[in-house]
Amino acid sequence: MSVSVRDALRMAALYVVLSILWLTLAEVVLRGMTENSLALTVGRQINVVVWVLFSAVLIYVSRVRLLNFIGRGARLRCEDRERLRMAAAVFDSTLEGVLVTDRHGLIVHVNRAFMRITGYQQDEVIGQRPNKFKSGRHGLAFYQQVFATLAEKGEWSGEIWNRRKSGEIYPQWQTICAIRDDEGELSHYVAVFSDISAIKHSEQELAYLAHHDPLTGLPNRLLFTDRVEQALAAAQANKRGCALLLLDLDHFQSINDGLGHTIGDQLLKLVGERLVEVLGGGVTLARLGGDEFGVLAENCQQVGQAGKLAQGIIERMREPFVFDGHRLFISISAGISLFPDDALSAEQLLRNADSALYKAKSNGRACYALYTEELTAHAQHRVETAGELRRALEQDELRVFYQPVHDLATGRQVGVEALVRWQHPLRGLVPPGEFIPIAERTGLIAEIDAWVLRQACRQMVQWQGDGLQLAFVAVNISSRLFGQHELYQQVAEVLHDTGLDPALLELEVTESAVMEDPEVALEQLHRLRELGVALAIDDFGTGYSSLLRLKRLPVQKLKIDQGFVAGLPHDEDDIAIVRVIIALARSMGMQVHAEGIEQAEQASFLLQELCQLGQGYWFGRPVPAADLRWS
């Protein structure tokens, strides 16, 4: 509590009066003692002395109280000034803009943050009204609601859009308070606001990312599905057709595995840009995930239009992608589903297009396929088979069969090839052609190959212990497993665990797997060769081998694909191809191994052309290890 000016003056006056009375009385007493004799009565002197002492006490007490009052008032005024200085510092240094108006709505004060946010200086707004900053985005009803809330509750908070001095419209989060004096009368309004432009921008970015692929900037599966649903509704109302295409890059995983995900991501961005160029306007393009893209073509009435669009995409994708010192070739496969012929909902249209895409992949890739009702049954069967195949791995339903390999010159069995089979508990022995493609599509093939490798090495060690002198056991390595950098470690671990001599193991890699990325394949093959294992190129003649690259590969054997053996010894084309492969292998110091020999005439012809090794039903079918006949 502070000391009023009136109290201070009153105490000062009392102090002065008492001081005068004390001096007067003291003078009278001294004069009386001098003029009168010392015979004055003792009682009279005592009265005078008591009066003087009492007066002195009153003066002293009054002086102390006066000084205390003055000191306390000075201290309180000093504290008030300190508080005011602190409040002023906070007001001026806060990051929120502050605007103060009088009761009539005229601006009387702003802080530095206000000037920084709005761009206005203090002298440009003092005496003005806040409607100077209106953006025009709010109607009269909005401001009426603000003032109604202020009148009722004395405070309003909310989002409001205002205009900077530059003319830019921006969002604020603002709180307005009504200030009243001691008598309860309205004296001022105080508005405190923050610039929430960055928050709004972040919200927009989050909304964008929720519906777009962050790598390519294309719509994602969520937005694509929504647009398909809208397009189908419009097409149904206008009685027109639509086409949905699913696109998938062929062997894209090998690029990620061989060159790394950074190069893979760059390639996906370039693929997206090229697709935008090919498709142009009026078509919705989306990246649905991984290396899969979706295309929605509205006003596509006929199958021929959709097929022409798909073929145009396939042709354009055959051109090389050149970036960062890389020159990459990649093909694309497409599945097509039509509305309303194939489906009436977005979900079913996507599912049917996926079935058609799988058909295109099965047909050799780099092509498109149209949906048919038969594909739905096949797609359902694939899903069921994939689930059962995973269970088969867990419950040891897979088996390794061995097919003998013979020396064509002597007829003696010199080795075996390990082949996987599936012993289904209900369906019996499932043909490899039924589950191997599904295993490749789902990625299970790499796990299956690794399992077969271990089983074959273990069996070979057992045969060696039984005294059976086989030169090798051959194991197929899929492109999925071959593309994994840890393949070298897996093979080394299996050899160590089983104790098999590396020279007795032969790894077969398909020509297409090697040629997908020759430089990475070359490194992988050299590392495997360092382990001491033998290497063979399987299905030779079905890919696009470069002779320059082929001679650099550390392989010891070429295997002639059974498709070229089937026509021997009568088909002139097969004869020419087989002769070229044998001549090429021999000139490079490699063995030649023919697959699919089913007739004696085929074996005789191959022997005549100096092919060293052969396998096929003529020599023996794949059988379990216990049923293998030795000759």
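That block above? That's the structure.
Below or above, wherever it landed, is the structure these notes cover.

**As for the sheet that holds strand β5 (residues 186-195)**
Working step 1: Taken in spatial order, the 5 strands line up as β2-β1-β5-β4-β3 in an open sheet, and their pairing is antiparallel. Either end of the sheet is taken by a strand with one partner, and the two such strands are β2 (107-110) and β3 (155-163). In this sheet, adjacent strand axes meet at a mean angle of 25° when their direction is disregarded.
Working step 2: Two elements, strand β1 (residues 97-102) and β5, share 6 bridges in a ladder whose sense is antiparallel. Its bridge partner being in β5, valine 100 is matched across the sheet by valine 190.
Working step 3: Across the sheet, helix α5 (residues 140-153) touches β3, β4 (169-180) and β5, and the angle it forms with β3 is around 155°.

**Quick look at the nonpolar core**
Working step 1: Formed by 73 residues in total, the largest nonpolar core has its most connected members in Val491, Leu505 and Leu507.
Working step 2: Core analysis: the next-biggest nonpolar cluster, separate from the first, contains 31 residues, Leu249, Leu275, Phe293 and Ala334 among them.

**Concerning the environment of arginine 103**
Working step 1: Locating arginine 103 in the fold gives a position in the loop between β1 and β2.
Working step 2: Put simply, arginine 103 and arginine 180 are 77 residues apart on the chain and 9.4 Å apart in space, counted from C-alpha to C-alpha.
Working step 3: Among all residues touching arginine 103, those that are not within four sequence positions of it are Leu186, Ser187, His188 and Tyr189.
Working step 4: Among the polar contacts made by the side chain of arginine 103, one reaches the main-chain carbonyl oxygen of leucine 186 at a distance of 3.1 Å.

**Quick notes on the packing of aromatic side chains**
Working step 1: Counted according to the given criterion, the structure contains 7 aromatic pairs.
Working step 2: Considering the side-chain rings of phenylalanine 114 and phenylalanine 133, the 5.6 Å spacing of their centres and the 70° angle between planes classify their relative orientation as edge-to-face. Separated by 19 residues along the polypeptide, phenylalanine 114 in helix α3 (residues 112-118) and phenylalanine 133 in the loop between α4 (122-125) and α5 bring together distant segments of the chain. Across the pair, exposure class does not vary: phenylalanine 114 and phenylalanine 133 are buried alike.
Working step 3: An aromatic cluster of three or more residues is present, and its members are Phe114, Tyr120, Phe133 and Phe193.
Working step 4: The ring of tyrosine 170 has arginine 164 sitting right over it, with the charged end atom 3.9 Å from the ring centre.
Working step 5: Its guanidinium or amino end placed over the ring of tyrosine 617, arginine 621 lies 3.8 Å from that ring's centre, counting from NZ or CZ.

**Points about helix α18 (residues 518-530)**
Working step 1: In this model α18 runs 18 Å from its N-terminal to its C-terminal C-alpha over 13 residues, within 8% of the 18 Å that 1.5 Å per residue would give.
Working step 2: For α18, the set of buried residues is Pro518, Ala521, Leu522, Gln524, Leu525 and Leu528.
Working step 3: Positive backbone phi, at 100°, marks glycine 532, one or two positions downstream of α18.

How each quantity is defined
Residues numbered from 1 in each chain as written. Predicted model: local features only at pLDDT ≥ 70, side-chain atom pairs only at ≥ 80, totals over all residues. Heavy atoms only, no water. Pairing = 2+ DSSP bridges. Helix = DSSP H or I, 4+ residues; strand = E, 2+ residues; numbered from the N terminus. Axes fitted to C-alpha atoms, helices over the stretch in contact; angles between N-to-C directions. Contact = heavy atoms within 4.5 Å. Core = buried A, V, L, I, M, F, W, Y, C linked by side-chain atoms within 4.5 Å. Buried < 20%, exposed > 50% of the residue type's maximum accessible area, 1.4 Å probe, protein only. Polar contact = N/O pair within 3.5 Å; in protein donor to acceptor, adjacent residues only side chain to side chain. Phe/Tyr/Trp six-rings, centres within 6.5 Å; stacked < 30°, edge-to-face > 60°. Lys NZ or Arg CZ within 6 Å of the ring centre and 35° of its normal. Expected span 1.5 Å × (residues − 1).

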